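Here's the letter readout for the chains.
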Amino acid sequence: MISINKIEKEFRKNGGIMKTCELNSMGLSSRQIRKLLDDQIITKIKRGYYILKDTIPPEEVIISRLFPDAIIYLESALLYYNYTDRIPNAWQIAVEKHSNPNKYDISYLPIKPYFIKEKYLSIGINTISIDEINIKIYDREKTICDVLRYENKLENEVFTNSIKRYIEDDKKNIRRLIEYSKKLKVTKKVQTYIGVWI
């Protein structure tokens, strides 16, 4: 049996989460994985995914490891950019329109997938690194365009704060915002809500 120290080191290298196939490639058999579960060294969080017992990896890392194609979206992205103080009830992620909805139904972490057409899905993807794991998130401008697209579905306070904080953000890129707004068909809303301030 591989030492617990080596197993823990591998988990840390993988953001605190490992897949069955990764444990197998370390030389652990199904029986040995079952023993690690029985001995409460690891915990299953989803079929084929494990974390070390008594560790809580950052939720963004969990999302990226479980759903590598998902992109942190809308209110979850707003929270990352500090454009809102409201913590969403579930992680909002953008996924490909024809993804199987059942795969996002996990008990470990509340997830709300948004099924997006490919032509919109690929606009404005940014990558951040947490615990050496790359996580996809929409950039500021795509997030603001999404806020404008979903104006009627967001609480008024969330909508207003996000626009106000974007306008005040030194890292904003108005040229990029205008470019995205044309592709996402929110040019008039950008002119109405943001144009007067720039």
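The present account deals with the structure reproduced in this document. What you see is a predicted model; the values in this text were computed from it and never measured.

Topic: helix α7 (residues 140-149)
One full turn of an α-helix is made of 3.6 residues, so residues set three or four places apart face in the same direction.
Here is step 1: With respect to burial, α7 is a largely interior element, nine of its ten residues being buried.
Here is step 2: The complete set of buried residues in α7 reads R140, E141, K142, T143, I144, C145, D146, V147 and L148.
Here is step 3: The elements touched by buried residues of α7 are α5 (74-80), α6 (118-121), β8 (133-138), α8 (156-168), α9 (174-183) and α10 (187-193).

Side note on a positive patch on the surface
Here is step 1: A cluster of basic residues, K97, K117, K119 and K185, forms a positive patch on the protein surface.
Here is step 2: Relative to the helices and strands, K119 resides in helix α6.
Here is step 3: The exposed category is assigned to K119, whose relative accessible area is 53%.

Here's the deal with the side chain of T84
Here is step 1: By secondary structure assignment, the location of T84 is in the loop between α5 and β5 (91-96).
Here is step 2: Among residues more than four places away in sequence, those in contact with T84 are E75, L78, L79, V158 and R165.

Looking at the environment of D54
Here is step 1: For D54, the location among the structural elements is in the loop between β3 (49-52) and α4 (59-66).
Here is step 2: The class of D54 is exposed, set by a relative accessible area of 76%.
Here is step 3: Taking the C-alpha atoms as reference points, D54 and Y80, 26 residues apart in sequence, are found 25 Å from one another.

Basis of the calculations
Residues numbered from 1 in each chain as written. Predicted model: local features only at pLDDT ≥ 70, side-chain atom pairs only at ≥ 80, totals over all residues. Heavy atoms only, no water. Buried < 20%, exposed > 50% of the residue type's maximum accessible area, 1.4 Å probe, protein only. Helix = DSSP H or I, 4+ residues; strand = E, 2+ residues; numbered from the N terminus. Contact = heavy atoms within 4.5 Å. Patch = residues over 30% accessible without salt bridge, like charges linked within 9 Å, V, L, I, M, F, W, Y side chains within 5 Å. Areas by Shrake-Rupley, 256 points an atom, 1.4 Å probe, with all protein chains shown as cover. Salt bridge = Lys/Arg side-chain N within 4 Å of Asp/Glu carboxyl O. Lys, Arg positive; Asp, Glu negative; His and termini not counted. Charge placed at Lys NZ, Arg CZ, Asp CG, Glu CD.

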